[in-house]
Amino acid sequence: MKLSFRWYGESDPVTLEKISQIPTMRSIVSAVYDVKPGSVWSEESIQKIKTQAEEHGLVFDVVESVPVPEDIKLGNEKADALIENYCENIRRLGKAGVKCICYNFMPVFDWLRSELEHQQPDGANALAYDEETVLSMNPLKSELSLPGWDSSYTKEGLRELLNAYSKIDEEQLWKNLEKFLTRVIPVAVESGINMAIHPDDPPWGIFGLPRIITNRENLKRFLNIVPVKNNGLTFCTGSLGANPANDLVSMAGEFADRIHFLHLRNIKHTGPRRFEEVGHPTACGNVDMFGIVKALVAGGFDGYVRPDHGRMIWGEKGRYGYGLYDRALGATYIAGLFEAVEKLK
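Residues numbered from 1 in each chain as written. Predicted model: local features only at pLDDT ≥ 70, side-chain atom pairs only at ≥ 80, totals over all residues. Heavy atoms only, no water.

*Asks:* Which residues make up the overall build of the protein chain, and what values do they have?
*Replies:* Across its full length, the protein chain carries 12 helices and 12 strands. Relative to a compact globule of 345 residues, whose C-alpha radius of gyration would be 20 Å, the protein chain shows 19 Å and is just as compact. By principal-axis analysis of the C-alpha atoms, the protein chain measures approximately 50 × 45 × 40 Å. Counting only residues that meet the buried cut, the protein chain has 54% of its 345 residues in that class. Partitioning the intrachain contacts of the protein chain with sequence separation of at least 6 by distance along the chain shows that 72% fall at a separation of at least 24. Of the accessible surface of the protein chain, which amounts to about 14600 Å², a share of 50% is contributed by carbon and sulfur atoms. Across the protein chain, 39 positive and 47 negative side-chain charges occur, with their mean positions spaced 2 Å apart. (Helix = DSSP H or I, 4+ residues; strand = E, 2+ residues; numbered from the N terminus. Rg over C-alpha atoms; globule rule 2.2 N^0.38 Å. Buried < 20%, exposed > 50% of the residue type's maximum accessible area, 1.4 Å probe, protein only. Contact = heavy atoms within 4.5 Å. Areas by Shrake-Rupley, 256 points an atom, 1.4 Å probe, with all protein chains shown as cover. Lys, Arg positive; Asp, Glu negative; His and termini not counted. Charge placed at Lys NZ, Arg CZ, Asp CG, Glu CD.)

*Asks:* With reference to specific residues and values, describe the nonpolar core.
*Replies:* Buried together is how nonpolar side chains tend to be arranged in soluble globular proteins. If you look at the biggest cluster of nonpolar residues, it comprises 95 residues, and the most contacted ones within it are Tyr86, Ile101, Leu177, Phe180 and Phe222. With 9 residues, the single largest contributor to this core is helix H7 (residues 170–191). Other than its neighbours up to four places away in sequence, Tyr86 contacts Val66, Pro67, Val68, Ile101, Tyr103, Phe180, Val184 and Met195. In this structure, Val62, Cys102, Phe261 and Tyr304 belong to the second largest nonpolar core, which totals 7 residues. (Core = buried A, V, L, I, M, F, W, Y, C linked by side-chain atoms within 4.5 Å.)

*Asks:* Report on the environment of Lys294, specifying residues and quantitative values.
*Replies:* With respect to the element layout, Lys294 can be found in helix H11 (residues 289–298). For the pair formed by Lys294 and Arg113, sequence separation is 181 residues and the distance between their alpha carbons is 30 Å.

*Asks:* Any chance you could break down the sheet that holds strand E8 (residues 231–236) for me, citing the residues and the numbers?
*Replies:* The sheet built from 8 strands closes into a barrel, its strands ordered E1-E2-E3-E4-E7-E8-E9-E12 with parallel pairing. For this sheet the average axis-to-axis angle between neighbouring strands, irrespective of direction, equals 30 degrees. When E8 meets strand E9 (residues 259–264), the two strands line up parallel, connected through 4 bridges. Its bridge partner lying in E9, Thr234 is registered against Phe261. Taken strand by strand, helix H4 (residues 79–95) contacts strand E3 (59–64), strand E4 (100–103) and strand E7 (194–197), and its axis lies near 145 degrees from that of E4. (Pairing = 2+ DSSP bridges. Axes fitted to C-alpha atoms, helices over the stretch in contact; angles between N-to-C directions.)

*Asks:* Can you tell me about the side chain of Arg306, naming the residues and giving the values?
*Replies:* Inspection of the secondary structure puts Arg306 in strand E12 (residues 304–307). By relative accessible area, which is 0% here, Arg306 ends up buried. A polar atom in the side chain of Arg306 sits 3.1 Å from the side chain of Glu64. Here the side chain of Arg306 touches Asp308 through a polar contact of 3.0 Å, side chain to side chain. Those residues in contact with Arg306 that sit more than four places away from it in its chain are Ser4, Phe5, Arg6, Val29, Glu64, Phe261, Leu262, His263, Leu264, Tyr322 and Ile334. (Polar contact = N/O pair within 3.5 Å; in protein donor to acceptor, adjacent residues only side chain to side chain.)

*Asks:* Residues and numbers for helix H12 (residues 325–344), please.
*Replies:* Within an α-helix, residues lying three or four positions from one another point in the same direction, as the helix has 3.6 residues per turn. The end-to-end C-alpha distance of H12, which contains 20 residues, comes to 29 Å, matching closely the 28 Å that a straight helix rising 1.5 Å per residue would cover. Those residues of H12 that sit buried are Asp326, Arg327, Ala328, Gly330, Ala331, Ile334, Ala335, Leu337, Phe338 and Val341. Check the buried side of H12 and you find it contacts strand E1 (2–6), E9, H11 and E12. (Expected span 1.5 Å × (residues − 1).)

The following block contains the structure:
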């Protein structure tokens, strides 16, 4: 496996110097953040990230993410031109040496949480989700936004977008995803890039919006749309693990050869559709981290891995879910897991 770490660019308080000091760290996971979704990334911006990484002994070969514009997900008249822009980004990233692109197909909202600083007994705080809290809010009327909302939407713009999605059910979203994949995957193959879709987080519909990358059956359906290795998965244990019905160990083994990017994190279920994020080790929550790694190694997984959302510990303040200390602990735990499992194989 290739150990990696998310970096949000020069504004990220977790610097490349600090990331490079994590034992066995190989790659940074980053993106071009100064352009709107749907725009073509400049080769200069891509090269700058690559150069900055190399100056700290790191490799820039994983992108998270190249955002998919809402017009593509809606399949409207703007979709064709935006898909071509997306293809051009793939070509440019391939030219720069990128090997894996993470993206998602979640309508309107990215990952959603109801709480950013859920206090835990040991004094740490973490992201948490409570379905009752989320559904008590009206996205068109409430002044309180939730983590994962795109703050660039005006209230009127959000109303128009939600109205457009009112005509899109799960099957139509599948059709729009198929159109996207049949255009971009051949370009990814030519560019030497593996595309890795991220599961919906949480893995169920919210506010009447369809979500389809949610469970084993749907992952299998997704992979069969374009049945080539370059069309693959980001296997996020926290996202898929939010639904206790998802057998993550079995799924990891089944899809190992199509998993290009692994987001490892642990969560603790606190009720129906309620969970909080915890430390990475298996004993901290309800995700069998050892079992997942064992299944992946047995299945021949050789992709990228990163510690996902971390708690805020030791008084750290920073980007919620993306502080240094807990993710660094997670990275060393992950490295140890893989070393042990790979040597015992």
